[in-house]
Amino acid sequence: MENREQWGSRAGFILAAVGSAIGLGNIWRFPYMAYENGGGAFFIPYIFALLTAGIPFMIMEFGLGHKYKGSAPKVLAAVNSKYEWLGWVQIVIAAIIAVYYAAVIGWTMNYLGFAIDGAWGTDTKGFFFGEYLGLTSSPTELGGIRWPIFGACALTWGLTWLACNSGIRGGIERACKILIPLLFALVLVFIGRVITLPGATVGLDFLFTPDFSKLTDFGVWAAAYGQIFFSLSIGFGIMIAYSSYLPKNADICNNAAMTVFINCGFSMLAGIMIFSVLGSMAHSTGQAVSDVAGAGVGLAFVTIPAAINTMPAPLFFGTVFFLCLTMAGVSSHISIVEAVASSLIDKFGASRQKAVTVLCIVGFSLTAVFTTGAGLLILDIVDHFINNICLLFAALVEIVLISWVIGLDEVREDVNAHSDFSVGKLWAFSLRIITVLVLGYSFLSSLYNKIT
Ligand code: PHE
Ligand code: NA
C-alpha cells in the first residue's frame, strides 16, 4: 500500500483523466445526441446533468480512489466487504467495453489509412458496410475475419499494452501528455480551416438553434444524464482507479472540476467540428443539413467520409479527423484496461506486467469476434445493452450504496481535507436525491422499453 505507484504531476493526472473522458463518445455521440434532443436546447439538461451529476459524481469517485488507495473492488471491500461484488460488476462492464471499443478504434485506424489513399471512394456507405466490414446478414453468421480490421485491433491492443505495461507515470501519463495536447491542437486547426468553408455556419445554426419544446420530454433529460456518465467515464471504476494513484495532498474538487470542464469543452469543439463539416457538405450537394446528419457509427464512417469528399483538401481533413478519433479512442482504451488491470493487481497481488499482458492477450482474442463480418451486428447488440442497461444499473447501484447505505461523510472529509473549495449539503443533495431519481427513472424506463 505504501509503495503504490503515483502520477508524476498534477497536470499528468488531469491529462490522463481527461484522456479517459474524451473519447469516441465526444466526437460522434455528443453531436448527434445534441442534435436529436433539441439542438441548442439540449445544453440546458446537459449543463444541469453536468452540475448535478457529473461534477458531484466525479468528486465522489476521485475521493473514493484517493481515500482508499485502490481499484473499485478494493475500495468497496474496504468500505464494507459485503459490497466488493459491485466493484467487480463495474470491472466486468469495463472489460466488455474494452473489448468492443478496441474494434471501433481499429476502424478509425483503418480509415486513417483510407483517408490517405482515398480507398473509400464515392459510395462511402457501400464501401463501409460492404467492401470494408463485409457485413453478414445476421449476428450468428460470422463470415470470416476481416484481416485489415484484425491487424488494426492488434495494433490498438498493442499500444494499450505498451502504455499500461510501462506503468502509471512512465506509460499512461507519458502517453496522455502527448496525445491530449496534440488532440486539442489538431481539432482547433481543423475547426480553423473548416469554419471558413461555405455552408459551415449553416451547420452550426442547425446544431445550436434550440427546440425548447423538447425540454418537457423527460427522455431528453435522461439522455443528457446518460451522455454525461458515458462521456466522463464515471460509474465503471475507471476514475476510482486513476485517482488511487494520486498523492496524499491532492486537491480532489479542483481536479474533478477541471476534468469535467475540459471534457465538456472538448465536446463543444467536436460538435462545432462535425456540424461545420455537415453544413459544408449540405451546401455543396444542395441538401438540407437534417438530410445529411446521420447518427452513431454511420456518422463517423459513412457521412463524414462523404462530406470530406466534397471538401477542398480532403487529404488534410480526412487524416486529421481520423487521427483525432484514433488518439481520443486509444487514450480512453488505456484507462479502461488500467481499471481492470489495477483490480487484478490489487486482488491477486499479480505484477503489473503479468496482469496487463494476460489482459491484453485475452482482450484481443475476444475483440477478434468483432473483426468478423458479423462484427458490427454483434457490436450493436452489446453496445446497446451496455449503454442502456448495464451502465445505468452500475452507476445507480454505486450511488445508492455509497450515498444512502454507506454515507458520504468519510469521502467528504477526505475530499475537503486538501481542497480550494469544499463540498457540503448541495453536493450530498445532488448525489442522494437528484442523481438517484434521474438515474433510477432512466434505468426503469429503458428496462421497460426492453421488455415491451
Ligand atoms: N468516456 C469515453 C468516451 O466518451 C468512453 C469511455 C466509456 C471510456 C467508458 C471509458 C469507460 O468515449
Ligand atoms: Na480518450
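Residues numbered from 1 in each chain as written. Chains lettered and ligands numbered in written order. Predicted model: local features only at pLDDT ≥ 70, side-chain atom pairs only at ≥ 80, totals over all residues. Heavy atoms only, no water.

Attention now goes to the overall build of the protein. Within the protein one finds 19 helices and zero strands. Computed over its C-alpha atoms, the radius of gyration of the protein comes to 21 Å, within 12% of the 22 Å expected for a compact globule of 452 residues. Expressed as lengths along the three principal axes of its C-alpha atoms, the size of the protein is roughly 60 × 50 × 45 Å. Pairs at least 24 residues apart make up 85% of the contacts formed inside the protein by residues separated by at least 6 positions. Just so you have it, the protein exposes about 16,700 Å², and 67% of that area is on carbon and sulfur atoms. Averaging the locations of the 22 positively and 25 negatively charged side chains of the protein gives two centres separated by 8 Å. (Helix = DSSP H or I, 4+ residues; strand = E, 2+ residues; numbered from the N terminus. Rg over C-alpha atoms; globule rule 2.2 N^0.38 Å. Contact = heavy atoms within 4.5 Å. Areas by Shrake-Rupley, 256 points an atom, 1.4 Å probe, with all protein chains shown as cover. Lys, Arg positive; Asp, Glu negative; His and termini not counted. Charge placed at Lys NZ, Arg CZ, Asp CG, Glu CD.)

Moving on: the site of ligand 1. Around ligand 1, 14 residues are found, and the nearest of them are Ala21, Gly25, Tyr101, Phe230 and Ser231. For ligand 1, a nitrogen atom lies 3.3 Å from a polar atom in the backbone of Ser20. In the model, a nitrogen atom of ligand 1 is placed 2.9 Å from a nitrogen or oxygen of the Ala21 main chain. In a pocket analysis with a 2 Å cut-off to the grid points, ligand 1 is assigned to the largest cavity. The set of elements that each furnish at least two residues to the shell around ligand 1 consists of helix 1 (10-21), helix 2 (24-36), helix 10 (218-231) and helix 15 (314-348). The residue makeup of the shell around ligand 1, split by class, is seven nonpolar, seven polar and no charged. (Near = heavy atom within 4 Å. Polar contact = N/O pair within 3.5 Å; in protein donor to acceptor, adjacent residues only side chain to side chain. 1 Å grid on protein atoms, 1.4 Å probe; cavity = no way out; pocket = protein on both sides within 12 Å on 5 of 7 lines; lining within 4 Å. Sits in = over half its atoms within 2 Å of the grid points. Nonpolar A, V, L, I, M, F, W, Y, C, P; charged D, E, K, R; others polar.)

For the protein, mean pLDDT is 93; residues scoring 70 or higher make up 99% of the total. Both confidence scores are given for the complex: pTM 0.95, ipTM 0.96. (pLDDT = per-residue confidence, 0-100.)

A separate point is the pattern of salt bridges. Following the criterion strictly, the structure yields seven salt bridges and no others. The salt bridge involving Asp346 is made with Arg4; its shortest N-O contact spans 3.1 Å. In this pair, Asp346 sits in helix 15 while Arg4 sits in the segment before helix 1, placing the two residues 342 residues apart along the sequence. What makes Asp346 partly exposed here is its relative accessible area of 23%. What makes Arg4 buried here is its relative accessible area of 18%. Between Lys177 and Glu173 there is a salt bridge whose closest N-O contact spans 3.5 Å. With a gap of four residues between them, Lys177 and Glu173 both fall in helix 8 (residues 168-194), about one helical turn apart. Using a relative accessible area of 3% as the deciding quantity, one classes Glu173 as buried. Through salt bridges with shared partners, a single network forms among Glu5, Glu338 and Arg352. (Salt bridge = Lys/Arg side-chain N within 4 Å of Asp/Glu carboxyl O. Buried < 20%, exposed > 50% of the residue type's maximum accessible area, 1.4 Å probe, protein only.)

This model, assessed by the stated rule, comprises two cavities of 30 Å³ or more. Considered as a void within the structure, the largest cavity measures approximately 150 Å³ in volume. Those elements giving two or more residues to the lining of the largest cavity turn out to be helix 1, helix 2, helix 5 (84-117), helix 10 and helix 15. The residue inventory of the lining of the largest cavity, partitioned by class, reads eight nonpolar, eight polar and no charged. (Points joined across faces, edges and corners; volume = space filled by probe spheres on them.)

The subject of this paragraph is helix 6 (residues 124-132). Taken as a whole, helix 6 has its buried residues at Thr124, Phe127, Phe128 and Tyr132. What you see down the axis of helix 6 is that its buried residues fit within an arc of 95 degrees, all on one side. Positive backbone phi, at 55 degrees, marks Gly134, one or two positions downstream of helix 6. (Arc of directions from axis to C-beta.)

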